[in-house]
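# Understanding the architecture of this molecule
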Amino acid sequence: MRRIVVIGRTDVGRRVCSLLESSGISVVHLHEPSDAELRAALAQDIDGVAVLLHDDIKALRYSLIVHHIRPDARLFVAMFDLTARTQLRSVVPDCVVLSPAAISVPSMVAGAIAPQANAIRRASTPELRSWVSVTDTAEGRVRIEPYRAPESLRRRGRLGRLAGQFRPFDSGSRVLLGGAVGLIAIILADTLVGWTHTDLLRALYDATRTTATISAPSLPDNPFVLVWATIAAILVMGFTALFAAGIVNYLLSGRHVAIFGRRAMPRFGHVIVVGMGQVGLRLAEELKQLGIAVVGIEQDPHARTLQIARSCGIPVLIGDGASKAAAHATGVKGAIALVAASSAERDNIAVAVSALAANPQLRVVIRAGSDDAIDETRSLFQIGAVVDVNGLTATFIAASLGEKPPYAVIATPGGNLAVEESGDTVVKV
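Rules behind the numbers
- Residues numbered from 1 in each chain as written.
- Predicted model: local features only at pLDDT ≥ 70, side-chain atom pairs only at ≥ 80, totals over all residues.
- Heavy atoms only, no water.
- Salt bridge = Lys/Arg side-chain N within 4 Å of Asp/Glu carboxyl O.
- Helix = DSSP H or I, 4+ residues; strand = E, 2+ residues; numbered from the N terminus.
- Buried < 20%, exposed > 50% of the residue type's maximum accessible area, 1.4 Å probe, protein only.
- Pairing = 2+ DSSP bridges.
- Axes fitted to C-alpha atoms, helices over the stretch in contact; angles between N-to-C directions.
- Core = buried A, V, L, I, M, F, W, Y, C linked by side-chain atoms within 4.5 Å.
- Contact = heavy atoms within 4.5 Å.
- pLDDT = per-residue confidence, 0-100.
- Parallel < 35°, antiparallel > 145°, perpendicular 65-115°, else oblique.
- Left-handed = near helix turned anticlockwise from the far one by under 90°.
- Expected span 1.5 Å × (residues − 1).
- Arc of directions from axis to C-beta.
- Polar contact = N/O pair within 3.5 Å; in protein donor to acceptor, adjacent residues only side chain to side chain.

## Digging into the pattern of salt bridges
The final tally for this structure, using the stated rule, is twelve salt bridges. Of the charged contacts, one joins R15 and D11 as a salt bridge, the two residues approaching to 3.7 Å between their closest N and O atoms. Of the two residues, R15 and D11 both sit in helix α1 (residues 11-22), four residues apart, roughly one turn of that helix. Residue R15 is classed as buried on the basis of its relative accessible area of 12%. The partner of E32 in a salt bridge is K58, with the nearest N and O atoms 3.1 Å apart. Placement of E32 in the loop between β2 (26-30) and α2 (35-43) and of K58 in helix α3 (residues 56-69) is noted, with a sequence separation of 26 residues between them.

## Re the sheet that holds strand β7 (residues 131-136)
Read across the open sheet, the three strands follow the order β6-β7-β8; overall the sheet is antiparallel. Whereas interior strands pair on both sides, the edge strands pair on one side only; in this sheet they are β6 (119-122) and β8 (142-146). Here the average twist between neighbouring strands, direction ignored, is 25°. Note that β6 and β7 share four bridges and pair antiparallel. Counted as the bridge partner of R121 is V132 from β7.

## Let's talk about the nonpolar core
Here is a general trend for soluble globular proteins: nonpolar side chains tend to be buried in one another's company. In terms of nonpolar packing, the biggest core is built from 60 residues, with I113 and V271 touching the most fellow members. Among the elements that make up this core, the one with the highest residue count is helix α5 (residues 100-113) (eight residues). Once you skip the residues sitting within four places of it in the chain, I113 turns out to touch Y147, L153, V271, L287, L290, I292 and R363. Within the second largest apolar cluster, 24 residues are counted, among which are A41, L42, V49 and V51.

## Overview of the confidence of the model for the protein
For the protein, per-residue confidence averages 84 on the pLDDT scale, and residues scoring 70 or more make up 90% of the total. Ranking the helices and strands of the protein by mean pLDDT puts strand β9 (residues 270-274) first, with 96, and strand β17 (residues 426-427) last, with 52.

## Some points on the packing of α2 against α3
Where α2 contacts α3, the axes come no closer than 11 Å and their chain directions differ by 45°. As the angle between them shows, α2 and α3 are arranged oblique. The two elements α2 and α3 meet at a crossing, and its hand is right-handed. Across the interface between the two elements, D35, L38, R39 and L42 from α2 touch R61, Y62, I65, V66 and I69 from α3.

## Thoughts on helix α8 (residues 200-211)
Working note: α-helix, 3.6 residues per turn, so residues spaced by three or four point in the same direction. Given a rise of 1.5 Å per residue, twelve residues ought to cover 16 Å, and the 16 Å separating the end C-alpha atoms of α8 matches this to within 8%. Looking at α8, one finds that the buried residues are A203, D206, A207 and T211. Taken down its axis, α8 places every buried residue within 130° of arc, on the same side. Capping of α8 at its N-terminal end is provided by D199; its side-chain oxygen lies 3.4 Å from the backbone amide nitrogen of L201.

## Considering the sheet that holds strand β12 (residues 337-340)
Pairing in this open sheet of six strands is parallel, and the strands run β11-β10-β9-β12-β13-β14 from one edge to the other. Each edge of the open sheet is held by one strand with a lone partner, namely β11 (316-318) and β14 (385-388). With direction set aside, neighbouring strand axes in the sheet form an average angle of 20°. Helix-sheet contacts for helix α10 (residues 278-289) involve β9, β10 (293-298), β12 and β13 (363-368), and the interaxial angle to β9 is about 170°.

Shown next as structure tokens:
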């Protein structure tokens, strides 16, 4: 009988053990064992080890110990940080190191933009294009085909990003744009007034200097001009205060959404990702690579993934994804899909309900990770596609502890399936 050691009493670890035991495999499930406990577990005959912890540093340490004690054992490590994964692969080249986000995100991508497929993922063979769709078919087989996001979706997203340029997305941006537009309007009006008694360039120059409070030109004794100059000076003070307040707010807010440029908030044709954790960030990156406009919502202003999202050009609104204000700011009425990707399953349900109240035609994908939340979500009401992240991850891990890791895992009405690398057959784990 085969024997597997699973390290980590997480929900994924529990479900991996259940899958392995249902297949007739002996499992030793450890929480966070000491070195002596781990050595004792590895002293017996084993076929593989799965390290499933939320702490990447601990996972790295356990992996190195396992490789030192049993270099012949098959090793799977769930690890989020890319740098840590790269370092582990360089030391233990035969191990399988993946982030749970990489396993489950293809199903979320399909749910958001291609519901006819089970998964949209990057191709791993040069014969195929950079993206493929994995679709379950009859008789336990799958169809793997080259995939390209429809041009209509890509075009609509580009137009939505264009329409979002110089559009306020919150009160701070409205103050900033209002101040800037007001100052520009004063300059133009002052230029037209000055043009009545001097040439155009001189009038523009004098109007700009006056608005910038550098100096004021001498004015003729014309009542209209003097009255206008007085009103303009008062307006300039107000617009300058608005502009300065908007600039300060914009700089201090972290600038996760820009007023113009690639991080401007699209007005329509985009996918909203609520919860920019490891899964949400990976999903947003994949959608962006496919040419789909995407917007993120994150409640924690100090989340570590925000800086990564900013460097990738992904606009992220800081706020509660279930609030009407966030739905309005992210343009939920013009969105093509919303993915509730937070790790809190019941919060995801609240987000989905709120979004559908604003846009009943919206396509909704809900992340779930525990049995109770999945059953509750599916039994209460059909509000969207449910992606069992932990279940997909557990299926992939259980299959990876065999002879070779699967090509992909997909969710079907009959349960999660692991797809062999050839794509010719589907095997249940």
